[in-house]
Amino acid sequence: MKTQITLAQQEFVARQKKRRRLVGVGRIFLLAAILALWEASARLGLINDFIFSSPSRIGLCFYGMALDGSIFLHTGITILETLLSFFLVVLLGIVGAVLLWSSRTVSEILDPYLVMLNSLPKSALAPILIVWLGNNMKTIIVAAVSVAVFGSILTLHNGFTSVDPDQVKLIYSLGGNRFDVLKKVLLPGSVPLIISNMKVNIGLCLVGVIIGEFLSAQAGLGYLIIYGSQVFKRAHKHIFSKRECFIC
Amino acid sequence: MIPKLQVKDLSYSYHTMDGETEALSDISFEVSAGEFLAVVGPSGCGKSTLLSLICGLIKPDSGEVLLDGHSVSGVEAGIGYMLQKDHLFEWRTIFSNAALGLEIQKKLTNEGKKRVSDLLSVYGLESFADSRPSELSGGMRQRAALIRTLALQPDLLLLDEPFSALDYQTRLSVCDDISTIIRGRKKTAVLITHDLSEAVSVADRILILTRRPGRIKGILTMDFADKSLSPLKRRNCPEFSKYFNEVWRILEQPGGVL
């Protein structure tokens, strides 16, 4: 249809490409500028590098830990815990939402409790979990699950109940029952919702795992952060905070 | 001969915390096999409720619905229901959408699958069997929805304003298309509509309901000289405007049962 690209179109494309390049360069430049400023301030003594550390010290520390392999162990454990709790949250979220959907009475009874549990500060719960479950990975996983699971159930249940009632009517008119509604309409129709919910949950799970590791762990990034701050090795702490950013 | 569908003294009320709303009151009529009945009435007169009752989706407060002389309780296999929108699921192909009813009733045998493919090819959707609903036009989607209903081989079709979601031009041709298919298969049909000209062009008889609570205000037989006319052709007949005006007149009559 269109063989000739007009001059205006070419100019538009060129302008857009130039803008995208600018965005890419700008991002890298900003990172470099922050690191340079940080390093320079530490070297020039504008900030106390014992408290604030510096990029070069973080780099050296990372190099050292990479050589003895300890950084991979800790990162691996944190990732493992995060994934484990993430799958549990997804599973419990879907099962919980389906159970709530299956009985309106039960869902109305439980609703205020779920809202309350969801708004509860989970980091406050973590010390109690240690007493209950012990100083181990179980505590960390339960802490991480508790951060994300209630919100997940509420969001999914909300999605389930806002399904078009005519789609439900269609299933009934074809001779289906409530289970068919779940199988044919609710679950397949909620896939986009479940995926967007999963995106939120993976972040929340990492937060929960780190909280758990702060309090009860022998390994993991959260453990390293606490360990680092206790032995006053700022470089440690910074490096792991960064690492968490990258995992996300 | 036993009529295909008998509705006897049907009444139904909706209940909410704010009170009771009487939707239908003392509805009685019969539809004989192969007949096309249209139901018209002001909006909110309980037309859709009537279909839900006939289909067995809800239970009447009093009265009963008989299909082939047997009382309808719960959803019957012999009744097909077409809703206002096609409700084809985007996560299914056209074929598996059309086979949904069979799948739910656990009748998706090789024979069932063949029936669905045959229907798709008879009604020109063969090449779209593996397409997603969003790739089809509004008229083709409504055809696919009809095939989903026909695949269950119902004797009685309930149509709840199945064309009202379409734009006017599509609506005329889809209405023509669907009703020709239904007549061609000699199915009995009850069509709910608020479009009077649609009712006159499609139906053998028109049932006119009053304002809420819906009661029967009148029943009008469409007696066209040529019985085999398609809805679009009927619109050009001299009788068309006569019946249209007649339906209009009955609807406008203040209150009272005819």
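Residues numbered from 1 in each chain as written. Chains lettered and ligands numbered in written order. Predicted model: local features only at pLDDT ≥ 70, side-chain atom pairs only at ≥ 80, totals over all residues.

Our next topic: the overall build of chain A. For chain A, the count of helices and strands is 12 helices and 0 strands. Along chain A, from the amino end to the carboxyl end, the secondary structure elements read α-α-α-α-α-α-α-α-α-α-α-α. In terms of C-alpha radius of gyration, chain A reaches 25 Å, well past the compact-globule figure of 18 Å for 248 residues. If you line up chain A on its principal axes, its C-alpha atoms span 75 × 75 × 30 Å. (Helix = DSSP H or I, 4+ residues; strand = E, 2+ residues; numbered from the N terminus. Rg over C-alpha atoms; globule rule 2.2 N^0.38 Å.)

The next point concerns the overall build of chain B. Secondary structure assignment for chain B yields 9 helices and 10 strands. Against the globule reference of 18 Å for 258 residues, chain B gives a C-alpha radius of gyration of 18 Å, in line with a compact fold.

With that settled, the discussion passes to the interface of chain B and chain A. With 14 residues of chain B in contact, the opposing surface of chain A contributes 13 residues. A total of 3 residues in the side of chain B that touches chain A trace back to one element, the largest contributor, which is helix 3 (residues 100–104) of chain B. When grouped by side-chain class, the residues that make up the side of chain B that touches chain A number 10 nonpolar, 3 polar and 1 charged. (Contact = placed C-beta atoms within 7 Å. Nonpolar A, V, L, I, M, F, W, Y, C, P; charged D, E, K, R; others polar.)

Take helix 6 (residues 122–133) of chain A next. Residues and elements named next belong to chain A. Here helix 6 spans 15 Å end to end across 12 residues, near enough to the 16 Å set by a 1.5 Å rise per residue. Looking at helix 6, one finds that the buried residues are K122, A126 and L129. The buried side chains of helix 6 occupy one side of the element, clustering within an arc of 75 degrees when seen end-on. Away from the buried face of helix 6 by more than 90 degrees, exposed residues A124, I128 and V131 are located. In this structure, the buried side of helix 6 is in contact with helix 7 (137–161) and helix 10 (191–215). Of the residues one or two after helix 6, G134 is the one with positive phi, at around 95 degrees. (Expected span 1.5 Å × (residues − 1). Buried ≥ 20, exposed ≤ 12 C-beta atoms within 10 Å, placed from the backbone. Arc of directions from axis to C-beta.)

A word on the nonpolar core. Residues B:V39, B:I54, B:L158, B:V190 and B:L191 are the most contacted members of the largest nonpolar core, which totals 110 residues. When residues no more than four places from it in sequence are discounted, the contact partners of B:L191 are B:F36, B:A38, B:V39, B:L159, B:V202 and B:A203. (Core = buried A, V, L, I, M, F, W, Y, C linked by C-beta atoms within 7 Å.)

Here helix 7 of chain A contains 25 residues, and its C-alpha end-to-end distance of 36 Å stays within 8% of the 36 Å for a straight helix at 1.5 Å per residue. Counting buried positions along helix 7 of chain A gives 19 out of 25 residues, so the element sits mostly inside the fold.

Turning our eyes to something else, we now look at the pairing of strand 8 (residues 188–192) of chain B. Residue and element names in this part refer to chain B. Of all 5 residues in strand 8, 5 are buried; the element is thus mostly enclosed. Burial along strand 8 is two-sided: the face carrying T188, V190 and I192 and the face carrying A189 and L191 are both buried. Where strand 3 (residues 36–40) and strand 8 come together, 4 bridges link them in parallel fashion. The residue bridging A38 from the neighbouring strand is L191, located in strand 8. Both strand 7 (residues 156–160) and strand 8 contribute to a ladder of 5 bridges, which runs parallel. Considered in strand 8, the bridge of D160 is made with I192. For the handedness criterion, the β-α-β arrangement of strand 7, helix 6 (residues 168–184) and strand 8 is classed as right-handed. (Pairing = 2+ DSSP bridges. Right-handed = clockwise from strand over helix to strand, strands pointing away.)

Moving on, we get to the sheet that holds strand 4 (residues 62–67) of chain B. Residues and elements named next belong to chain B. One open sheet accounts for 4 strands, arranged 2-1-4-5; its pairing is antiparallel. A strand with exactly one partner marks an edge of an open sheet, and here the two such strands are strand 2 (19–31) and strand 5 (70–71). Where strand 4 lies against strand 5, 2 bridges are found, and the strand directions are antiparallel. Following the sheet pairing, L66 is matched in strand 5 by S71. Against the sheet, helix 1 (residues 47–55) contacts strand 1 (5–16), strand 2 and strand 4, and its axis sits at roughly 115 degrees relative to strand 1. (Axes fitted to C-alpha atoms, helices over the stretch in contact; angles between N-to-C directions.)

It is worth spelling out the domain arrangement of chain B at this point. Residues and elements named next belong to chain B. When cut into domains, chain B gives domain 1 (1–78 + 156–258) and domain 2 (88–153). Put simply, the middle of domain 1 and the middle of domain 2, counted by C-alpha atoms, are 26 Å apart. The partner domain 2 presents 8 residues to the 10 residues of domain 1 that form the contact. Top element by residues in the side of domain 1 that touches domain 2 is helix 6. It accounts for 6 residues. (Domains from an automatic or database assignment.)

With that settled, the discussion passes to the domain arrangement of chain A. Put simply, an interface is often sized by how much accessible area is lost when its parts join up. Structurally, chain A comprises domain 1 (7–47) and domain 2 (63–247). For domain 1 of chain A and domain 2 of chain A, the distance between their C-alpha centroids amounts to 35 Å.

Let us look at the confidence of the model for chain B. For chain B, per-residue confidence averages 87 on the pLDDT scale, and 98% of positions sit at 70 or higher. Across the interfaces of the predicted complex, the ipTM metric reaches 0.85, alongside a pTM of 0.77. (pLDDT = per-residue confidence, 0-100.)

Below, the discussion takes up the packing of helix 4 (residues 70–102) of chain A against helix 7 of chain A. Relative to each other, helix 4 of chain A and helix 7 of chain A sit at 35 degrees, their axes nearing to 7 Å. Of the two elements, helix 4 of chain A crosses helix 7 of chain A, and the hand of that crossing is right-handed. (Left-handed = near helix turned anticlockwise from the far one by under 90°.)

Residue and element names in this part refer to chain B. Most of strand 9 (residues 205–209) is tucked away, with 4 of its 5 residues classed as buried. With 4 bridges connecting them, strand 3 and strand 9 associate as parallel partners. Residue L37 lies in a different strand from strand 9, and its bridge partner there is R205. Here 5 bridges tie strand 9 to strand 10 (residues 216–221), and the two strands are oriented antiparallel to one another.

On to the environment of B:K8. All names here are of chain B. For K8, the location among the structural elements is in strand 1. Take K8: there are 16 C-beta atoms within 10 Å of it, and that puts it in the partly exposed class. In the structure, K8 is positioned 58 residues away from L66 in sequence and 8.0 Å away in space, judged by C-alpha atoms. If sequence neighbours within four positions are ignored, K8 has contacts with S28, G63 and E64.

So, on to unusual backbone geometry. Residue and element names in this part refer to chain B. Within the chain, H87 stands out as a residue other than glycine whose phi angle is a positive 50 degrees. Among the structural elements, H87 can be located in the loop between strand 6 (79–82) and helix 2 (94–98). H87 gets classed as buried once you count the C-beta atoms within 10 Å, which come to 21. One non-glycine residue, K106, lies in positive phi territory at about 55 degrees. With respect to the helices and strands, K106 occurs in the loop between helix 3 and helix 4 (110–122).

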